[in-house]
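Single-letter residue listing:
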Amino acid sequence: MKGLMGRKLGMTQVFTNDGTLIPVTVVEVTPNVVTQKKTVENDGYVALQLGMEDLKESKATKANKGHAAKANTTAKRFYHEFKSDEMADLEVGATVTADLFAAGDKVDVQGTSRGKGYMGAIYRNNQHMLPATHGTGPVHRTAGSMATIGRNNGYINKNKIMAGHEGTYTTTNQNLEIVKVDMENNCLLIKGNVPGPRKGLVFVKTTVKPVKHVEPVELINYEIKEA
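All chains use their own residue numbering, which begins from 1 and follows the written sequence. With the structure being a predicted model, the display of local features is reserved for residues of pLDDT at least 70 and the display and counting of side-chain atom pairs for 80 or more, all residues being used for whole-chain, interface and lining totals. As a rule here, side-chain values cover all heavy atoms of the structure and leave hydrogens and water aside.

### Some thoughts on the environment of Tyr-222
Phase 1 of the analysis: Topologically, Tyr-222 is positioned in the segment after β12 (201–206).
Phase 2 of the analysis: C-alpha of Tyr-222 to C-alpha of Asp-85: the two residues are 137 residues apart in sequence and 38 Å apart in space. Think of it this way: any DSSP run of H or I at least four residues long counts as a helix, any run of E at least two long counts as a strand, and we number them from the N terminus.

Have a look at this one:
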């Protein structure tokens, strides 16, 4: 399994040579630096810790500075660990860029879903509306009676589905296809949508599905050739 960190920039569309339109999400991949290496001998498993985006020295803690200094780099804003045998040959201080993946690779993209604020029980939990007549009153989208006298003496159990904050869940979109690796702009074009808002942090990893790679599509080349 391979993996790296990036930022979701938004969505656009590209075209293949036969005119097929493909909606893609643009993920900016600023260079990831290997800041720590886990081995079976020392940690019991194989993994790499990557750091992304330089942090101002005034905002970095001493612990962060010291940790980054071991990799001969500056303090990073984000750190994430990827369990990967395929990247085991990378040493501390090495740089991981968008060309870690290739067009046609299948990936899983993990991120934090958009926050939607305080939402009612109908939207948040797919609960039914109250009856529209028979003395229900002017409010029909609230939760019904929660009195459970005779069952547990009116006690409301923990984790009962109610109104509350919606969104900001850690979620993963699986089995997405990388349409293009744009090294000139340090971007990945991934078919379909990925979790999170614009500028949101995402983790791109090799898919857990059995098919890891498919034949890449050929996109239209808009470069003007001189006669």
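More follows now that the structure is in view.
### Considerations on the pattern of salt bridges
Two side chains of opposite charge can pair, provided their charged atoms sit close to one another.
Phase 1 of the analysis: Definition used for salt bridges: Asp or Glu carboxyl oxygen within 4 Å of a side-chain nitrogen of Lys or Arg. For the coordinates displayed, the defined rule picks out eight salt bridges.
Phase 2 of the analysis: With a closest N to O distance of 4.0 Å, Asp-105 and Lys-2 form a salt bridge. One end of the pair, Asp-105, is in the loop between β6 (95–96) and β7 (106–112); the other, Lys-2, is in the segment before β1 (3–15), with 103 residues separating them in the sequence.
Phase 3 of the analysis: Three exposure classes are used, based on accessible area relative to the maximum for each residue type with a 1.4 Å probe and protein chains only: buried under 20%, partly exposed in between, and exposed over 50%. Residue classification places Lys-2 among the buried positions, given a relative accessible area of 17%.
Phase 4 of the analysis: Among the salt bridges present, the one from Asp-54 reaches Lys-76, with a minimum N-O distance of 2.4 Å. In this pair, Asp-54 is assigned in strand β4 (residues 47–54) and Lys-76 in strand β5 (residues 76–82), connecting sequence segments 22 residues apart.
Phase 5 of the analysis: Taken together, the shared-partner salt bridges in this structure form one network comprising Arg-7, Glu-53 and Arg-77.

### A word on the packing of aromatic side chains
Phase 1 of the analysis: Only Phe, Tyr and Trp rings are paired, with Trp represented by its six-membered ring, and only when their centres lie within 6.5 Å; those with planes under 30 degrees apart are stacked, over 60 edge-to-face, the remainder tilted. Applying the stated rule across the entire model yields one aromatic pair.
Phase 2 of the analysis: The interplanar angle of 70° and the centroid separation of 6.4 Å between the aromatic rings of Phe-82 and Phe-203 together place this pair among those described as edge-to-face. Here the residue Phe-82 occupies a position in strand β5, and Phe-203 occupies one in strand β12, the gap between them amounting to 121 residues.
Phase 3 of the analysis: When the ring centre of Tyr-45 is taken as origin, the NZ or CZ atom of Lys-83, which lies over that ring, is 5.1 Å away. By the criterion adopted, a ring carries a charge over it if an Arg CZ or a Lys NZ lies within 6 Å of its centre and within 35 degrees of its normal.

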